[in-house]
Amino acid sequence: MANTFTVSYTNSGSSAEDVYLVFNDPTANSTLNTLGTYGEVHISANGVQKFDSANLNDRSSTCGPFSPSGCWPLTPVFGLVQNLLLALPER
């Protein structure tokens, strides 16, 4: 079963901001990373792929070195956008 989640963001502050996707529950993150080839995650921002894995395994003892073509676990933080500028109101 596939799930898709879409999030929108704007900068309402007075200076450029960075946007991150954060998985702040280490237990949940580790649980996702035990799915191996039964779990797949794709993360993109503004049409740019940031993360892609079809093997969510964080046990290096069973994988060897992590790589996108092998075991590629989710990390707790992903940078999505850098220096997002303030959205100016339309005139």
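See the structure above.
Residues numbered from 1 in each chain as written. Predicted model: local features only at pLDDT ≥ 70, side-chain atom pairs only at ≥ 80, totals over all residues. Heavy atoms only, no water.

Within the chain one finds 2 helices and 4 strands. For the chain, the N- to C-terminal ordering of α and β elements is β-α-β-β-α-β. The C-alpha radius of gyration computed for the chain amounts to 16 Å, which surpasses the reference 12 Å derived for 91 residues by more than 25%, pointing to a less compact arrangement than a globule. Each of the three principal axes of the chain carries a C-alpha extent, and together these read 55 × 25 × 25 Å. Within the chain, the proportion of its 91 residues that are buried is 23%. Carbon and sulfur atoms make up 54% of the accessible area of the chain, which amounts to about 7,000 Å² in all. (Helix = DSSP H or I, 4+ residues; strand = E, 2+ residues; numbered from the N terminus. Rg over C-alpha atoms; globule rule 2.2 N^0.38 Å. Buried < 20%, exposed > 50% of the residue type's maximum accessible area, 1.4 Å probe, protein only. Areas by Shrake-Rupley, 256 points an atom, 1.4 Å probe, with all protein chains shown as cover.)

For the structure shown, the criterion picks out 1 disulfide. Here Cys63 is linked by a disulfide to Cys71, with a sulfur-sulfur distance of 1.8 Å. Where Cys63 bonds to Cys71 through sulfur, the torsion about that S-S bond is close to -75°, and the disulfide is left-handed. Take Cys63: its relative accessible area is 22%, and that puts it in the partly exposed class. Using a relative accessible area of 9% as the deciding quantity, one classes Cys71 as buried. (Disulfide = S-S within 2.5 Å.)

It is worth spelling out the packing of aromatic side chains at this point. Two descriptors summarise a pair of aromatic rings, namely the distance from one centre to the other and the angle between the planes of the rings. Applying the stated criterion across every chain, the model contains 2 aromatic pairs. Note on Phe23 and Phe78: the rings are 6.3 Å apart at their centroids and 85° apart in plane angle, and the pair reads as edge-to-face. Pair noted here: Phe23 is in the loop between strand E1 (17–22) and helix H1 (26–32) and Phe78 is in strand E4 (residues 77–84), with a separation of 55 residues, a long-range link. Taking the relative accessible area as the measure of exposure, Phe23 reaches 28% and is therefore partly exposed. (Phe/Tyr/Trp six-rings, centres within 6.5 Å; stacked < 30°, edge-to-face > 60°.)

All quantities given are derived from atomic positions and should not be read as evidence of function.
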